[in-house]
Amino acid sequence: MSTTNRPLVIGNWKMNLDFVESVHLAQQIGVMLKVKPTEHADVVLVPPFVDIRSVTSVVTSERVPVAVGAQHVNAHDNGAHTGEVSTSMLKRLGVEWVLVGHSERRSMYAMNDAVVAATLRASTKSTLHAVLCVGEDGLVRDDADQEAFVEAQLESALHGLDESLRPLVTVAYEPIWAIGTGVTATLEEVSAMTNFIRRVLTRFSMPASRVLYGGSVNAENAASLMGEGGVDGFLVGGASLKAESFLAIVRAANDCYAGKR
Ligand code: 13P
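Worth saying up front: this structure is predicted, and the values here are computed from it rather than measured. (Residues numbered from 1 in each chain as written. Predicted model: local features only at pLDDT ≥ 70, side-chain atom pairs only at ≥ 80, totals over all residues. Heavy atoms only, no water.)

Asker: Honestly, the site of the ligand in this entry has me stumped. Any pointers?
Answerer: Close to the ligand lie 13 residues; Lys14, His102, Gly180, Ser216 and Gly238 are nearest. Between Glu174 and the ligand, the recorded distance is 3.0 Å, taken from a side-chain N or O atom to an oxygen atom. A distance of 2.9 Å is found between an oxygen atom of the ligand and a backbone nitrogen or oxygen belonging to Gly237. Burial of the ligand by the protein chains amounts to 95% of its free accessible area of 300 Å². The class makeup of the residues in the shell around the ligand is 4 nonpolar, 7 polar and 2 charged. (Near = heavy atom within 4 Å. Polar contact = N/O pair within 3.5 Å; in protein donor to acceptor, adjacent residues only side chain to side chain. Areas by Shrake-Rupley, 256 points an atom, 1.4 Å probe, with all protein chains shown as cover. Nonpolar A, V, L, I, M, F, W, Y, C, P; charged D, E, K, R; others polar.)

Written out as structure tokens, the structure reads:
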């Protein structure tokens, strides 16, 4: 099972790059996309909160053909939530995308399934495009329980989400054991899981939602992950911190899709 979705490539800068470095990277990406446009792929840059304003300024003033996302958002509208930001604050900055339930938020910042579900609801209600992150750790994979694990994550996040909001959801499969390790999931593993996720999404009337892969994606493995892995794009960490390596992945996705159409 694969789709003909237009690819989406997201650069998650995590807690890297201050605002000066972020501006520099966004400008470099802008120049490189002007020299060699990638018309068959959507691109989203996801800087740290404190860099967002600077990055959206570059994107707007230099007409860089990318959207800007945030790495996290609080599910509440406002109030006593020290250290958090709301969907309306992000939207006011020109943010159009948000990552929801990244494994680093789940494992290090106590983001449980209930909070993930509330955050997904709040994000989509505010018309932000939400990237719901799912994926198992190495122990779950060793026990061959990855499908049941990911299914439970999807069900708890999507259950109760108004049907009208579901088109705003993209799913990113990021096996934790592949994140930042240099160990990419095999094409068979990626293909089996994306097919499985698509079957679950069909049950939620979301057969056309994009399914991304994340975990040590680089310029060398991107084309085959799209082709044989069958994903609709990538959530990229380390390789998104340099314009050359990030755009090589964007180009691989772009060329794959252009060839398929
Ligand atoms: P890496 O690409 O560095 O493995 O990170 C993946 C990730 O967590 C993106 O959200």
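Asker: Looking at this structure, how should I read the pairing of strand β2 (residues 42-46)?
Answerer: With respect to burial, β2 is a largely interior element, 4 of its 5 residues being buried. Both strand β1 (residues 8-12) and β2 contribute to a ladder of 5 bridges, which runs parallel. By the bridge assignment for β2, Val9 is matched with Val43. Handedness of the β1-helix α1 (residues 19-35)-β2 crossover: right-handed. Note: β2 against strand β3 (residues 67-70), 2 bridges, orientation parallel. Among the inter-strand pairings, Val44 is bridged to a residue of β3, identified as Ala67. Each parallel crossover has a hand, and the one from β2 via helix α2 (residues 52-61) to β3 is right-handed. (Buried < 20%, exposed > 50% of the residue type's maximum accessible area, 1.4 Å probe, protein only. Helix = DSSP H or I, 4+ residues; strand = E, 2+ residues; numbered from the N terminus. Pairing = 2+ DSSP bridges. Right-handed = clockwise from strand over helix to strand, strands pointing away.)

Asker: Help me understand the packing of helix α7 (residues 146-158) against helix α8 (residues 187-203) in this model?
Answerer: Relative placement of two packed helices is described by the angle separating their axes and the distance separating the axes. At a minimum axis distance of 10 Å, the contact between α7 and α8 shows a crossing angle of 35°. For the element pair α7 and α8, the recorded crossing hand is right-handed. Taken together, the residues of α8 that come into contact with α7 (itself represented by Gln146, Glu147, Val150, Glu151, Leu154, Glu155 and Leu158) are Ala192, Met193, Phe196, Ile197, Val200, Leu201 and Arg203. Looking at the contact of α7 with α8 residue by residue, the class counts come to 9 nonpolar, 1 polar and 4 charged. (Axes fitted to C-alpha atoms, helices over the stretch in contact; angles between N-to-C directions. Left-handed = near helix turned anticlockwise from the far one by under 90°. Contact = heavy atoms within 4.5 Å.)

Asker: Please clarify how the confidence of the model for the protein should be interpreted in this entry.
Answerer: Interpreting fine coordinate detail is not advised for predicted regions of low pLDDT. Averaged over all residues, the pLDDT of the protein is 96; the fraction at 70 or higher stands at 98%. Between the elements of the protein, mean pLDDT differs from a low of 94, seen in helix α10 (residues 243-260), to a high of 99, seen in strand β4 (residues 97-100). (pLDDT = per-residue confidence, 0-100.)

Asker: In this structure, what is going on with unusual backbone geometry? I would like to understand it.
Answerer: In most cases, non-glycine residues show a negative phi, while peptide bonds are predominantly trans. In this structure, Lys14 takes a positive phi of about 50° despite not being glycine. Residue placement: Lys14 occurs in the loop between β1 and α1. With a phi close to 70°, Thr127 is a non-glycine residue in the positive phi region. Within the secondary structure, Thr127 sits in the loop between α5 (113-125) and β5 (129-134).

Asker: Any chance you could explain the pairing of strand β8 (residues 233-236) here in plain terms?
Answerer: Each regular strand displays side chains that alternate between the two surfaces of the sheet. Neither face of β8 is exposed, since Gly233 and Leu235 on one face and Phe234 and Val236 on the opposite face are all buried. Relative to β8, β1 runs parallel, the two being bridged by 4 bridges. For Ile10, the partnering residue across the bridge sits in β8 and is Leu235.

Asker: Any chance you could explain the pattern of salt bridges here in plain terms?
Answerer: The final tally for this structure, using the stated rule, is 9 salt bridges. Put simply, Glu189 and Arg141 hold a salt bridge, and the shortest N to O gap is 4.0 Å. Here Glu189, found in helix α8, pairs with Arg141, found in helix α6 (residues 138-142); they are 48 residues apart in sequence, far enough to count as distant. It is possible to trace a salt-bridge network through shared partners that takes in Arg6, Asp42 and Arg210. (Salt bridge = Lys/Arg side-chain N within 4 Å of Asp/Glu carboxyl O.)

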